[in-house]
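Residues per chain are reported as follows:
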Amino acid sequence: MTIATTAPSRIDAAWTALDAVPDPEVPVLSVRDLGIVREVLEHGDGPIEVVLTPTYSGCPATEVIAESVREAVVAAGLGPVKVTQRLAPAWTTDWISPEGRAKLLAYGIAPPSGSAAVAGDRKVRIRPPGVACPRCGSADTERLSAFGSTACKALHRCLACREPFEYFKPI
Amino acid sequence: MTAVATSIRVHLVPPVQYVLRIADTCLIHAQRLVEWCGHGPVLEEDIALTNMALDLVGQARALLSHAGRLEGQGFDEDQLAFLRDERQVFNLTLVEQPLRRSSAHAPGGDFADTVLRNFLLATWLKGLWTRMAASSEADLAAIAGKAVKEARYHQQHAGDWVVRLGDGTDESAARLRAALERAWPYTHEMFKRDAVDTVAEAAGLGPARDALQADWLREVAAVFGEAGLEVPAETPFMSTGTQGRHSEHMGFILAEMQSLQRQFPGGRW
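Residues numbered from 1 in each chain as written. Chains lettered and ligands numbered in written order. Predicted model: local features only at pLDDT ≥ 70, side-chain atom pairs only at ≥ 80, totals over all residues.

Structural notes on the overall build of chain A
Thinking step 1. From N to C terminus, chain A includes five helices and seven strands.
Thinking step 2. Its helices and strands in sequence order give chain A the pattern α-α-β-β-α-β-α-β-α-β-β-β, from N to C terminus.
Thinking step 3. Looking at the 171 residues of chain A, the share that counts as buried comes to 36%.
Thinking step 4. For chain A, restricting intrachain contacts to residue pairs at least 6 apart in sequence, the fraction spanning at least 24 positions comes to 54%. (Helix = DSSP H or I, 4+ residues; strand = E, 2+ residues; numbered from the N terminus. Buried ≥ 20, exposed ≤ 12 C-beta atoms within 10 Å, placed from the backbone. Contact = placed C-beta atoms within 7 Å.)

Okay, structure coming up:
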């Protein structure tokens, strides 16, 4: 890891290659932005190992992501690659990078609010606390639907600018 | 003609049956929820029911794969889901009961039954996953640690609906009460400890079912209070799906779920 070389190490090059692998369902984010790449390992001259963690148990993009990761590492000329899945610790939206959150916002998806790791249970209520509108910034918003077009999002509406928007649910 | 896949026989040891019970409960509950796909009363709920089903299928897949590794004959998740016969499927009987009526004469309930079952089940699963996250088996702990976040969201969503219907109009409240009367006798099985639970508990795999009852009842009663529902009295009826003895509805749901793999063995997307 710390061996000084002029050329980037295979591991660094693999991380760079992963920057270009989009999440198929939220393509504005790379798999690195999303925080699902947990580790990149090198086994001597053997394959590069990329450790991924799924976002949701039933996320239908999991297999596509593993395939895209494999292709990207091979295309970068880094040789054989092995993709492994790791469930624990469970993915949390707290792992979305600051760059990722900024990209979500610019794309019109409200990034997860607060820290999911400490959110835990809440009292049952129809309306969750206000989420800032990604377009006009108003906190005067309401939830239209607890579930959205993908497992990771809910649908909200801004009561100030009247635009609907998606919200990346904190988990 | 294509070949017809023959059933597999699982070697039943308590840890395998313990994991299959949870996997099958998630899987069959999901199968009932997706019957709403395209038929939800409003678009948002259509999406919610199928999204919850997706989480449950993901949980079931992980558990079935794990059960296959424990069992030792090399069965994968698809074989376990699609090639077991009814007596080797171990879901709670509650989740195989029809939910959505496909026609006026078909068995089933209405949207209130769906909302209520989701709430009862998600509350139960949340308690289960919370405890299983400390399992002595790393794989089970990892599956549970992930699933508990999903179950929590399902419970919140379904609980919101229980309150909305119970505290809504006279009609919605009456329908919810009727749904509760139908569902309640089946909840007994959720907390019935047997030898399989005792082995699993002793090995540290996860909780015995009776350990889930106190928290479940407290959380259910709190939401029922907001919804204006009373917690019904316990009934002597005891369903036996977790023993592989099912209600009359089970054969039909398995037939629908399994027919493709039975007719086209090993078929893939």
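Quick notes on the domain arrangement of chain A
Thinking step 1. Domains assigned within chain A are domain 1 (10–91) and domain 2 (98–168).
Thinking step 2. Contacts between the two partners involve nine residues from domain 1 of chain A, matched on the other side by eight residues from domain 2 of chain A. (Domains from an automatic or database assignment.)

Thoughts on helix H3 (residues 62–75) of chain A
Thinking step 1. Taking 1.5 Å of rise per residue, the 14 residues of H3 of chain A would be expected to cover 20 Å, and the 20 Å separating its terminal C-alpha atoms lies within 8% of that figure.
Thinking step 2. On the buried face of H3 of chain A, the contacting elements are helix H1 (10–19), helix H2 (31–34), strand S2 (48–52) and strand S3 (81–85) of chain A. (Expected span 1.5 Å × (residues − 1).)

Remarks on the interface of chain B and chain A
Thinking step 1. On the side of chain A, 19 residues touch chain B, which itself brings 27 residues to the contact.
Thinking step 2. Secondary-structure elements contributing two or more residues to the side of chain B that touches chain A are helix H2 (43–71), helix H5 (138–166) and helix H8 (213–227) of chain B.
Thinking step 3. Considering each element in turn, the side of chain B that touches chain A owes the most residues, 15 residues, to H5 of chain B.
Thinking step 4. For the side of chain B that touches chain A, the class distribution of residues is eleven nonpolar, seven polar and nine charged. (Nonpolar A, V, L, I, M, F, W, Y, C, P; charged D, E, K, R; others polar.)

Points about the environment of Lys82 of chain A
Residue and element names in this part refer to chain A.
Thinking step 1. Tracing the backbone through its elements, the reader meets Lys82 in strand S3.
Thinking step 2. Along the sequence, Lys82 and Cys136 sit 54 residues apart, while their C-alpha atoms lie 44 Å from each other.
Thinking step 3. Sequence-distant contacts of Lys82, defined by excluding residues within four places in its chain, comprise Pro47 and Glu49.

Let's talk about the sheet that holds strand S4 (residues 109–110) of chain A
All names here are of chain A.
Thinking step 1. Within the open sheet, the four strands sit side by side as S4-S7-S6-S5. Their pairing is mixed. Sheet topology places S4 and strand S5 (141–145) at the edges, where each strand pairs with a single neighbour.
Thinking step 2. Judged from the two bridges that link them, S4 and strand S7 (residues 164–168) form a sheet pairing that is parallel. When the bridges of S7 are listed, Ala110 appears paired with Tyr167. (Pairing = 2+ DSSP bridges.)

Some words on unusual backbone geometry
When glycine is set aside, most residues are seen to have a negative phi, and most peptide bonds are trans.
Residues and elements named next belong to chain A.
Thinking step 1. Of note, the amide linkage connecting Ala88 to Pro89 takes the cis form, showing an omega dihedral of -5°.
Thinking step 2. For Pro89, the location among the structural elements is in the loop between S3 and helix H4 (98–107).
Thinking step 3. Here the phi dihedral of Arg162 falls at roughly 70°; this positive angle occurs in a residue that is not glycine.

Details of the packing of helix H1 (residues 14–34) of chain B against H2 of chain B
Geometrically, a packed helix pair is captured by the angle between its two axes and the distance between the axes.
Residues and elements named next belong to chain B.
Thinking step 1. Interhelical geometry of H1 versus H2 gives an angle of 155° and a closest axis separation of 8 Å. Classified by the interaxial angle, the pair formed by H1 and H2 is roughly antiparallel. As for how H1 packs across H2, the hand of that crossing is left-handed. (Axes fitted to C-alpha atoms, helices over the stretch in contact; angles between N-to-C directions. Parallel < 35°, antiparallel > 145°, perpendicular 65-115°, else oblique. Left-handed = near helix turned anticlockwise from the far one by under 90°.)

Overview of the nonpolar core
Thinking step 1. Ranked by internal contacts, the top residues of the largest apolar core, which has 115 residues, are Val69 of chain A together with Ala23, Ala60, Leu63, Val115, Leu116 and Val162 of chain B.
Thinking step 2. Both domains that furnish three or more residues to this core are identified here as domain 1 (10–91) and domain 2 (98–168) of chain A.
Thinking step 3. In contact with Val115 of chain B, other than residues within four places in its own chain, are Ala158, Trp161, Val162 and Leu165 of chain B. (Core = buried A, V, L, I, M, F, W, Y, C linked by C-beta atoms within 7 Å.)

Looking at the pairing of S7 of chain A
Taken residue by residue, a regular strand's side chains alternate between the two faces of the sheet.
Residues and elements named next belong to chain A.
Thinking step 1. Counting buried residues along S7, four of its five residues qualify, which places the element largely inside the surrounding structure.
Thinking step 2. As defined by bridge partners, strand S6 (residues 153–158) adjoins S7 across five bridges and the pair is classed as antiparallel. If you follow Lys153 over to S7, its bridge partner there is Phe168.
Thinking step 3. The antiparallel pairing of S6 with S7 creates a hairpin that spans five residues between the two strands, and Arg162 there sits at a positive phi of about 70°.

A word on the confidence of the model for chain B
Thinking step 1. A residue-level look at chain B finds 99% of positions with pLDDT of 70 or above and a mean pLDDT of 95.
Thinking step 2. Under the prediction, the complex receives an ipTM of 0.83, its pTM being 0.91. (pLDDT = per-residue confidence, 0-100.)

Describing the sheet that holds S2 of chain A
Residues and elements named next belong to chain A.
Thinking step 1. In space, the three strands of this open sheet follow the order S1-S2-S3, with mixed pairing throughout. Strands with a single pairing partner mark the edges of an open sheet, and in this sheet they are strand S1 (37–42) and S3. Ignoring strand direction, the axes of neighbouring strands in this sheet form an average angle of 20°.
Thinking step 2. For S1 and S2, the ladder comprises five bridges, and the chain directions are antiparallel. Each residue of the ladder has a partner; that of Leu41, found in S2, is Glu49.
Thinking step 3. Contacting S1 and S2, H1 runs over the sheet at an angle of about 145° to S1.

Quick notes on the environment of Pro22 of chain A
Residues and elements named next belong to chain A.
Thinking step 1. In this structure, Pro22 sits in the loop between H1 and H2.
Thinking step 2. Of the residues examined, Pro22 has 16 C-beta atoms within 10 Å and is grouped as partly exposed.
Thinking step 3. Separated by 39 residues in the primary sequence, Pro22 and Ala61 place their C-alpha atoms 11 Å from one another.

Remarks on helix H9 (residues 250–263) of chain B
All names here are of chain B.
Thinking step 1. Relative to the 20 Å expected for 14 residues at 1.5 Å per residue, H9 spans 19 Å between its end C-alpha atoms, a close match to the ideal helical length.
Thinking step 2. Along its length, H9 shows its largest kink, about 45°, at Met257.
Thinking step 3. Listing the buried residues of H9 in full gives Met250, Ile253 and Leu254.
Thinking step 4. At its buried positions, H9 is contacted by H1. (Bend = angle between axes of the 7 residues up to and from the residue.)

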